[in-house]
Amino acid sequence: NPVCTEECVARCECPDHMPLFHGGECIAREDKCPEEEEACISYENGEITKYEEGEKWKLDACTSCWCHMNRTLCETQSCEAVPDWCVVEQSSDSCCPICEMNIMTKLEHTSQLTHLLKVSLDGGKSWGSVCDDMWDNAAALIVCQDHHYKFGVAKTVPDNSNEFLLTAVSCYGAKDLNGCKSTLYTPSAMPCDAAVAAGVACYNNAFEFKSEIWEDRAKENKRNTIVSIYVSGYKYGSAVNLEGPFALDASSFTIIDYNTGVEMSVKKMKEKRGSLYRLKASKPSDHDEDKEYCVRVQIKGKYAADDHVSKEICLKEKEKEKRKRNRKLEN
């Protein structure tokens, strides 16, 4: 390779009429080089500029030069191909395009409170996970607030897809995920196991209930409403056992007639196993038998902010009661 100098010397291996080596090729210069000169000479924009030993300067955004032993040495920066997801940020003093990330997020449910974080860098065309390296509560809080929760804590969750897009996410002082520092995931340089994907536990209150009515065990008869419901408790985003100060009894539950808004006190509660509770309440006397019977279950917490109302569910009649009803209609 030729020595990259701007002197009229044979080392440059350029023809006499093109003595400058710049950007990988020889370019022309009209003036002649002095035979004795204790400085480096640069030809920029039609003007000659002299530089002292050890001085550095930029010919353009991509080319840096320095004076070494009265010779001008230059180096040109090469740029990698711009990825498809890149939103180019214009910068006059930068040689290569700067990619401004526009990170989209979505949460995939994994348990009552925990979600797997998925991100997209191409406007939602493709999605991938975030490796949990450096993943912390500051980043989780930003993600949860972006999804309309008040609080959030970082969790590590498995992701069988093993398709990671980002790693080393650091959000100290950032207001949104695009303001966080992050690194594009490269499997060869920073392998991440599928069992350690970034997740979040989002919540709105210090203590929360989560519930799921067991649909196959929710039914009604002429006098009673019977519901089986799974209940879980979470304190600051972490599961707690519903015992001691968090224990539930019949007075903790109210069954609400979804059509009329009438509240039915639970007269009998049986804890079947773990977090499954079987509730029994008397139906309101003015219940409209001709309407589909749908209910919600309210759980009272220690404080009003802890109260929780389940999703609506429509109950099934017991087969015996259903047959009686059909016979009455026939008569």
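Quick note: structure is the one above.
Below, the structure is looked at part by part. These numbers come from a predicted model, not from an experiment. (Residues numbered from 1 in each chain as written. Predicted model: local features only at pLDDT ≥ 70, side-chain atom pairs only at ≥ 80, totals over all residues. Heavy atoms only, no water.)

1. Things to note about the environment of Arg273
Here comes step 1: Locating Arg273 in the fold gives a position in strand S22 (residues 263-273).
Here comes step 2: Under the relative-accessibility criterion, Arg273 is labelled exposed at 52%.
Here comes step 3: Along the primary structure Arg273 and Tyr230 are separated by 43 residues, whereas in three dimensions their C-alpha atoms are 9.6 Å apart. (Helix = DSSP H or I, 4+ residues; strand = E, 2+ residues; numbered from the N terminus. Buried < 20%, exposed > 50% of the residue type's maximum accessible area, 1.4 Å probe, protein only.)

2. Describing the environment of Met190
Here comes step 1: One can find Met190 in the loop between strand S15 (181-184) and strand S16 (197-203).
Here comes step 2: Linking Met190 and Ala168, residues 22 residues apart in sequence, is a C-alpha distance of 9.8 Å.
Here comes step 3: If near-sequence neighbours (up to four positions away) are discounted, Met190 is found in contact with Thr167, Thr183, Leu184 and Tyr185. (Contact = heavy atoms within 4.5 Å.)

3. Let's talk about the packing of aromatic side chains
Here comes step 1: Tallying each qualifying case throughout the model produces seven aromatic pairs.
Here comes step 2: Judged by centre distance (3.6 Å) and plane angle (0°), the ring pair of Tyr51 and Trp57 falls under stacked. Exposure class is identical for Tyr51 and Trp57. Each is buried.
Here comes step 3: Ring pairs connect the aromatic residues Phe207, Phe209 and Phe246, which therefore count as one cluster.
Here comes step 4: The ring of Trp127 has Lys106 sitting right over it, with the charged end atom 4.6 Å from the ring centre. (Phe/Tyr/Trp six-rings, centres within 6.5 Å; stacked < 30°, edge-to-face > 60°. Lys NZ or Arg CZ within 6 Å of the ring centre and 35° of its normal.)

4. Regarding the sheet that holds strand S5 (residues 56-60)
Here comes step 1: Pairing within the open sheet is antiparallel, and its three strands lie in the order S5-S6-S7. The open sheet is flanked by S5 and strand S7 (71-76), the only strands paired with a single partner. Each strand of the sheet is rotated relative to its neighbour by a mean of 30°, with strand direction disregarded.
Here comes step 2: Judged from the six bridges that link them, strand S6 (residues 63-68) and S7 form a sheet pairing that is antiparallel. Directly across from His68, in S7, lies its bridge partner Arg71. (Pairing = 2+ DSSP bridges. Axes fitted to C-alpha atoms, helices over the stretch in contact; angles between N-to-C directions.)

5. Quick word on the state of the cysteines
Here comes step 1: As enumerated under the stated definition, the model contains six disulfides in all.
Here comes step 2: Covalently, Cys65 is tied to Cys74 through a disulfide, its sulfur atoms 2.1 Å apart. The S-S bond linking Cys65 to Cys74 shows a torsion near 105°; that makes this disulfide right-handed. Pair check on accessibility: Cys65 and Cys74 agree, each one buried.
Here comes step 3: A sulfur-sulfur distance of 2.0 Å marks the disulfide that ties Cys144 to Cys202. Between Cys144 and Cys202, the disulfide has an S-S torsion of -75° and is therefore left-handed. Linking Cys144 in helix H1 (residues 137-146) with Cys202 in strand S16, this pair joins segments that are 58 residues apart in sequence. The same class applies to Cys144 and to Cys202, which are both buried. (Disulfide = S-S within 2.5 Å.)

6. Considering H1
Here comes step 1: Of the residues making up H1, those classed as buried are Ala139, Ala140, Ile142, Val143 and Cys144.
Here comes step 2: Elements that come into contact with the buried residues of H1 comprise strand S10 (104-109), strand S11 (114-120), strand S13 (151-157), strand S14 (164-170) and S16.
Here comes step 3: Looking one or two residues past H1, His148 carries a phi angle of roughly 70°, positive in sign.

7. Some points on a positive patch on the surface
Here comes step 1: Taken together, the side chains of Arg217, Lys268, Lys270, Lys272, Arg273 and Arg278 present a region of like positive charge at the surface.
Here comes step 2: Ranked by residue count, the leading element in the positive patch is S22, at four residues.
Here comes step 3: You can see Lys268 is positioned in strand S22. (Patch = residues over 30% accessible without salt bridge, like charges linked within 9 Å, V, L, I, M, F, W, Y side chains within 5 Å. Areas by Shrake-Rupley, 256 points an atom, 1.4 Å probe, with all protein chains shown as cover. Salt bridge = Lys/Arg side-chain N within 4 Å of Asp/Glu carboxyl O. Lys, Arg positive; Asp, Glu negative; His and termini not counted. Charge placed at Lys NZ, Arg CZ, Asp CG, Glu CD.)

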